[in-house]
Amino acid sequence: RSIRNSQSKMSFRAREIYKKVVRRVGGEGKLPAEVMDTVKNILPNSKVVMGRAKRGIFAGRHIQFGNKVSEDGGNKSRRNWKPNVQEKRLFSYIHDRHIRVKVTTHALRCIDKAGGIDEYLLKTPYNKMDTEMGIAWKAKIEKMYSELAGMEVGFFPPKEEAKIEQGFEEVRSAKREFRSESRRALGVAKQSQLEATKADDDETTEVVDTNEEVSDVAEKS
């Protein structure tokens, strides 16, 4: 009865997510009650989330419904307001690459204020994340940062660093020379092909001129 009472205080979405978690764990009694209470506290408590918001970061902005009132007679007709959704490439430092994600303009302002997509996911509590996608991303980012914090970092002496940098510079210069040689060889091949095509055209023109001269002599005779 206490479990039913606690679930009745939760929103519909939170109850559905909680049931999924319980099914994955294996049942209500598999984990202690304190752990299950913690799970309930981190679940989003918003009532309705539009389907598009499950595939991006909307930061609480969802479809809204209302009335459109005419100016003449005050007639009302139902309408809706959809959020301004943009597809952006946001740089993630922990992934060291750009991530393409659909976000609202409000979410972009929140991300800029936080200092980046990683900082936004880390600072936003679980119960403020509206979708399962946001919760999964937040958990993944936290796990990656915790693993990064546990890694040992080694430092090289200045001489070793200079040698390593020199080795990288040699590799980069070799790549540049290889690209320039490839371009040069490609240009020579194109030039030779053009010259061969021009020589064939000249030979064809000479043959045509010879045939015309022979036909003129035959007509005069």
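Everything that follows concerns the structure shown earlier in this document.
First, a word on scope: everything that follows refers to the structure included in this document. (Residues numbered from 1 in each chain as written. Predicted model: local features only at pLDDT ≥ 70, side-chain atom pairs only at ≥ 80, totals over all residues. Heavy atoms only, no water.)

**Points about the overall build of the chain**
- A count of helical and extended segments in the chain gives seven helices and five strands.
- Of all 221 residues assigned to the chain, the portion counted as buried reaches 23%.
- Long-range contacts, defined here as pairs at least 24 residues apart, represent 45% of the contacts in the chain between residues at least 6 apart.
- Summed over all atoms, the accessible surface of the chain reaches about 17100 Å², with 53% contributed by carbon and sulfur. (Helix = DSSP H or I, 4+ residues; strand = E, 2+ residues; numbered from the N terminus. Buried < 20%, exposed > 50% of the residue type's maximum accessible area, 1.4 Å probe, protein only. Contact = heavy atoms within 4.5 Å. Areas by Shrake-Rupley, 256 points an atom, 1.4 Å probe, with all protein chains shown as cover.)

**Description of the sheet that holds strand β1 (residues 56-57)**
- Strands sit in the order β1-β5-β4 across an open sheet of three strands; the sheet is mixed. Either end of the sheet is taken by a strand with one partner, and the two such strands are β1 and β4 (85-92).
- With eight bridges connecting them, β4 and strand β5 (residues 97-104) associate as antiparallel partners. Of the residues in β5, the one forming a bridge with Lys88 is Val101.
- Against the sheet, helix α4 (residues 105-114) engages β1, β4 and β5, with an angle of about 130° to β5. (Pairing = 2+ DSSP bridges. Axes fitted to C-alpha atoms, helices over the stretch in contact; angles between N-to-C directions.)

**Details of unusual backbone geometry**
- One non-glycine residue with positive phi stands out, namely Asp96, at about 60°.
- Summarising the element assignment, Asp96 is placed in the loop between β4 and β5.

**Side note on the packing of aromatic side chains**
- Applying the stated criterion to the full structure yields one aromatic pair.
- Between Phe91 and Tyr93, the aromatic rings sit 5.1 Å apart at their centres with planes inclined by 85°, giving edge-to-face as the arrangement.
- On the basis of relative accessibility, which here comes to 57%, the residue Tyr93 falls in the exposed class. (Phe/Tyr/Trp six-rings, centres within 6.5 Å; stacked < 30°, edge-to-face > 60°.)

**Considerations on the side chain of Thr104**
- Position of Thr104 among the secondary structure elements: in strand β5.
- Not counting residues within four places of it along the chain, the set of residues in contact with Thr104 comprises Ile57, Phe58, Arg61, Pro83, Asn84 and Val85.

**Focus: the pattern of salt bridges**
- Counted by the stated rule, this structure contains four salt bridges.
- A salt bridge links Lys138 to Glu142; the nearest nitrogen and oxygen atoms lie 3.2 Å apart. Of the two residues, Lys138 and Glu142 both sit in helix α6 (residues 132-149), four residues apart, roughly one turn of that helix.
- Relative accessible area serves as the criterion here: at 30%, Glu142 is assigned to the partly exposed category.
- In the salt-bridge network here, residues are joined through shared partners; they are Glu165, Glu169, Arg172 and Arg176. (Salt bridge = Lys/Arg side-chain N within 4 Å of Asp/Glu carboxyl O.)

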